[in-house]
Amino acid sequence: LFRSVTGTHGKSTTSSLVSLILKNSEANFFSIVGTLLKEFDGKNFYRRTPDTTSIDEYFVIEACEHKEHFLEYTPSVLVITNVEYDHADYYINPDHYVQAFEKLIWNVVSWWFVILPTDDINAQKLVGIREDIHYIQVSENTFSVGDQTQTFPDIELQVPGNHVLFDAKLAYIVGHMAGISDEQILETLQSYTWVWRRMEIIGKTENDNTLISDYGHHPTEIQVTLEAL
């Protein structure tokens, strides 16, 4: 089953969290993310199968929207973290950007799932484009498919920021869909301590100032990072 994580912000965090949830379970999976994880021995990929001839049960990939690269994928579960205009070197305006995500919706395997936020205006434009897939709507406290709504358990993270907490909730849903217990999922989320260049603490200067490296470059990413700090 192919899980694809995309969106303007939070792709690496969300795909990393999904991958770590699977890694800490007994599931066989193959994962490729856009950052380096200490849990992956400092690499950006990980594979676990019982032998070399086995087919991976899950495949997780961070799917970048730049130049519509994510249209190469046909996911069974598509996670969209948010949709905010970016990559102006390729997309001529916000409508052009949203249209790329609309194309991606058509790549989702029939009768499978798209997970997206309720409070994102552009993401909501994607709802209902197709009638042969299921949309999982995610709010701050709940997630729902059609008339069925579930409440998130309490998730306590070691890292700050409401944006990271929302990414964790998206990852929780994917783990939940994979049949992993809440206890296992929450244990993974609560032990998460960042990845390479995502509010990464490098060390202390000689004057005891904390040096932090962060890849965030979009104005919104800079804003939420500063708020979290």
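What counts as what
- Residues numbered from 1 in each chain as written.
- Predicted model: local features only at pLDDT ≥ 70, side-chain atom pairs only at ≥ 80, totals over all residues.
- Heavy atoms only, no water.
- Axes fitted to C-alpha atoms, helices over the stretch in contact; angles between N-to-C directions.
- Helix = DSSP H or I, 4+ residues; strand = E, 2+ residues; numbered from the N terminus.
- Parallel < 35°, antiparallel > 145°, perpendicular 65-115°, else oblique.
- Left-handed = near helix turned anticlockwise from the far one by under 90°.
- Contact = heavy atoms within 4.5 Å.
- Nonpolar A, V, L, I, M, F, W, Y, C, P; charged D, E, K, R; others polar.
- pLDDT = per-residue confidence, 0-100.
- 1 Å grid on protein atoms, 1.4 Å probe; cavity = no way out; pocket = protein on both sides within 12 Å on 5 of 7 lines; lining within 4 Å.
- Points joined across faces, edges and corners; volume = space filled by probe spheres on them.

A few words on the packing of helix α1 (residues 11-23) against helix α5 (residues 182-190). Look at α1 against α5: their axes get within 9 Å of each other, and the N-to-C directions meet at 130 degrees. In terms of their interaxial angle, α1 and α5 are classed as oblique. Two packed elements cross with a definite hand, and for α1 against α5 that hand is right-handed. Facing Leu17, Leu20 and Ile21 of α1, the residues of α5 in contact are Ile185, Thr188 and Leu189. Looking at the contact of α1 with α5 residue by residue, the classes come out as five nonpolar, one polar and no charged.

For the rest of this paragraph, the subject is the confidence of the model for the protein. Looking at the protein, pLDDT values average 92 and 98% of them are 70 or higher. Ranking the helices and strands of the protein by mean pLDDT puts strand β5 (residues 77-80) first, with 98, and helix α6 (residues 219-228) last, with 83.

This part takes up unusual backbone geometry. Not every positive phi belongs to a glycine, and aspartate 41 is a case in point at roughly 60 degrees. Position of aspartate 41 relative to the elements: it lies in the loop between β2 (29-37) and β3 (43-48). A positive phi angle, close to 60 degrees, is found at glutamate 68, a residue other than glycine. Assignment of secondary structure puts glutamate 68 in the loop between β4 (58-62) and β5.

Attention shifts here to the layout of surface pockets. Looking at the largest pocket, its volume works out to about 1100 Å³. As for the largest pocket, its lining consists of 41 residues, and the residues nearest its centre are His9, Gly10, Asn82, His163 and Asp167. Elements with a minimum of two residues in the lining of the largest pocket: α1, α4 (162-177) and α6. For the lining of the largest pocket, the element with the most residues is α4, which contributes seven residues. Looking at the lining of the largest pocket residue by residue, the classes come out as 11 nonpolar, 17 polar and 13 charged. In this structure, the second largest pocket spans a volume of roughly 150 Å³. Lining the second largest pocket are Phe113, Ile136, Phe143, Ser144, Val145, Gln148, Gln150, Ile173, His176 and Met177. Residues of the lining of the second largest pocket, tallied by class, amount to six nonpolar, four polar and no charged.

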